[in-house]
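A closer look at the structure
Residue strings, one per chain:
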Amino acid sequence: MLHVNEYHSIDLKKFGGHKDEVNCVALSSDFEMLVTGCDDHRVRVFNAKTGKFVCKLKGHTGAIRSVVIAPNSVCFASASYDKTVRIWRTRDAQIIHILNGHTKSVECLCFSSDGSKLCSGSWDRTAILWDVEKGYALRIFEGHDNLVQSVSISPNGQWLATGSWDHTVRVWTLYSPDNSDTVLVLQGHKGNIHGVAFSSQGMLASCSWDKTVRVWNPKTGKPIYVLQGHEGWVQALVFSPDGCYLASCGDDETVRIWDVVKGECTKVLEGGTEFAQSCGFTPGGILIASGAAYTTLAVQPAEQEGTVNADVPDNSGENSQ
């Protein structure tokens, strides 16, 4: 059980070496690897614990829009303005597959919980589900009236959620006992959807530039909570491993932690969060927020103070690549 009220900011760490604006960052579930995507068409890999630069990956011919690491860290993927998705093998940083299918910039990615599938969302208003091992498209999802900005596959592999600039969230059935193929359209947001996430308890959350976070029942499409408090666009959100809490970060320079059971904000983290554009929980419950300037902020319960700070030294200015 997470003791959210004991969460506090530990330190602000920077990883230098980028030659252009950093658009996206991914942290492996074991907190060992960091991957960034940049406007200079390059994907960069860092050792998160030592802070050292590992390698720079070339191949994309457009800005990198999204990066994501498989749950088992065996591979990771990058999406680009060049309309392609690339899957890279972690151990030697070699390309496994180049996935072609989108007709415009690819904006978002997510792996399934077992790492066997990858989903991508694009400016072409579609999402595509890919077979990671074989490198081909399994299914194309059409229906949004604007770009698909966020995608998430439920932990049980039953649903895919897509968030769009058409202000809607769609929940697509990937698997059902009766092989039904259904889609629910969730309406209520008044701005572009910038993030969607499933919880281990079966809930779905979405965040929007309308400054709200909404929690839904993905089976029925019915809203559970509208969480208000952010004073700027909400950029990203993530559930805690136990599914009881939800973290969101916004342009108001805060990271907020919400009690999903009660539907209320239990903690507002400020100071050093001005760059935060994505967030994630480690399996042990440590919350990591990261931003486009490639700044990482770690927050954790007070009784664990010092563990992350000791493992991630300030490495700004080193390994310029």
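Everything here concerns the structure above.
This section reports on the structure supplied with the text.

The rules behind the values
Residues numbered from 1 in each chain as written. Predicted model: local features only at pLDDT ≥ 70, side-chain atom pairs only at ≥ 80, totals over all residues. Heavy atoms only, no water. Helix = DSSP H or I, 4+ residues; strand = E, 2+ residues; numbered from the N terminus. Buried < 20%, exposed > 50% of the residue type's maximum accessible area, 1.4 Å probe, protein only. Contact = heavy atoms within 4.5 Å. Areas by Shrake-Rupley, 256 points an atom, 1.4 Å probe, with all protein chains shown as cover. Core = buried A, V, L, I, M, F, W, Y, C linked by side-chain atoms within 4.5 Å. Pairing = 2+ DSSP bridges. Axes fitted to C-alpha atoms, helices over the stretch in contact; angles between N-to-C directions. Patch = residues over 30% accessible without salt bridge, like charges linked within 9 Å, V, L, I, M, F, W, Y side chains within 5 Å. Salt bridge = Lys/Arg side-chain N within 4 Å of Asp/Glu carboxyl O. Lys, Arg positive; Asp, Glu negative; His and termini not counted. Charge placed at Lys NZ, Arg CZ, Asp CG, Glu CD. Disulfide = S-S within 2.5 Å. Phe/Tyr/Trp six-rings, centres within 6.5 Å; stacked < 30°, edge-to-face > 60°. Polar contact = N/O pair within 3.5 Å; in protein donor to acceptor, adjacent residues only side chain to side chain.

Points about the overall build of the chain
Looking only at helices and strands, the chain has 1 helix and 28 strands in total. The buried share of the chain, reckoned over its 321 residues, is 56%. Counted over contacts in the chain with a minimum sequence separation of 6, partners at least 24 positions apart contribute 43%. Of the roughly 13500 Å² that the chain leaves accessible, carbon and sulfur atoms contribute 46%.

Let's talk about the nonpolar core
A77, V85, I87, L109, F111 and L118 are the most contacted members of the largest nonpolar core, which totals 15 residues. Looking at this core, the elements with two or more residues in it are β7 (75-80), β8 (84-89), β10 (106-111) and β12 (127-131). In contact with A77, other than residues within four places in its own chain, are S66, V67, V68, V85, R86, I87, W88, L109, F111 and L118. Counting residues in hydrophobic clusters, the runner-up holds 14 residues, among them V35, L57, V67 and W88.

Section: the sheet that holds strand β18 (residues 193-198)
Strand order across the open sheet formed by 4 strands is β18-β19-β20-β21, with antiparallel pairing between neighbours. In the strand order of this sheet, the two ends are held by β18 and β21 (222-228), each with one partner. Neighbour-to-neighbour, the strand axes of the sheet open up by a mean angle of 20°, direction not taken into account.

As for a negative patch on the surface
On the surface, a cluster of negative charge is contributed by E231, D251, E253 and E270. Along the chain, the position of E270 falls in strand β25 (residues 264-270). A residue is classified by how much of its surface remains accessible, and E270, at 58% relative accessible area, is exposed.

Things to note about the state of the cysteines
On inspection of all chains with the given rule, the structure shows 0 disulfides. With no disulfide of its own, C207 has C249 as its nearest cysteine by sulfur position, at a separation of 7.6 Å. C279 supplies the cysteine sulfur nearest to C249, a cysteine that is in no disulfide, at a spacing of 4.1 Å.

As for the sheet that holds β7
If you trace the 4 strands from one edge of the open sheet to the other, you get β6-β7-β8-β9, paired in antiparallel fashion. The sheet terminates laterally at β6 (64-69) and β9 (95-100), the two strands that pair on one side only. Here the strands of the sheet are splayed against their neighbours by 15° on average, with no regard to which way each runs. In this sheet, β8 lies alongside β7 in antiparallel orientation, the contact comprising 5 bridges.

Some remarks on the pairing of β25
Pairing analysis gives 6 bridges linking strand β24 (residues 254-259) to β25, with the strands arranged antiparallel. Among the inter-strand pairings, W258 is bridged to a residue of β25, identified as C265. Hairpin connection from β24 to β25: 4 residues lie between these consecutive antiparallel strands, with G263 at a positive phi of about 70°.

Describing the packing of aromatic side chains
This structure, assessed with the given rule, holds 7 aromatic pairs. Consider the rings of W159 and F198, whose centres lie 6.5 Å apart with planes at 15°: the pair is stacked. Within this pair, whereas W159 is found in strand β15 (residues 159-164), its partner F198 is found in strand β18, the two being separated by 39 residues in sequence. Classification of F198 by relative accessible area gives buried; the value is 10%. Each ring, one from W165 and one from W209, has its centre 5.3 Å from the other, and the planes form 55°; the classification is tilted. Remark: W209 occurs in the loop between β19 (204-208) and β20 (212-217) and W165 occurs in the loop between β15 and β16 (169-173); sequence separation between them is 44 residues. The class of W165 is partly exposed, set by a relative accessible area of 23%. The class for W209 is buried, based on a relative accessible area of 19%. Chaining the aromatic ring pairs together yields one cluster made of W123, W165, W209 and W233.

Structural notes on the side chain of H144
Relative to the assigned elements, H144 resides in the loop between β13 (136-141) and β14 (148-153). By relative accessible area, which is 6% here, H144 ends up buried. Only 2.7 Å separates the side chain of H144 from the side chain of T162, close enough to count as a polar contact. Reaching out from H144, the side chain makes a polar contact with the side chain of T168 at a distance of 3.5 Å. Discounting residues that sit within four places of it in the chain, H144 has contacts with R125, T162, S164, D166, T168 and R170.

As for the pairing of β16
Counting buried positions along β16 gives 5 out of 5 residues, so the element sits mostly inside the fold. Here β16 shows two buried faces, one formed by V169, V171 and T173 and the other by R170 and W172. Two elements, β16 and strand β17 (residues 183-186), share 4 bridges in a ladder whose sense is antiparallel. Across the sheet, residue W172 finds its bridge partner in β17, namely V183.

So yeah, pure geometry; function would need other evidence.
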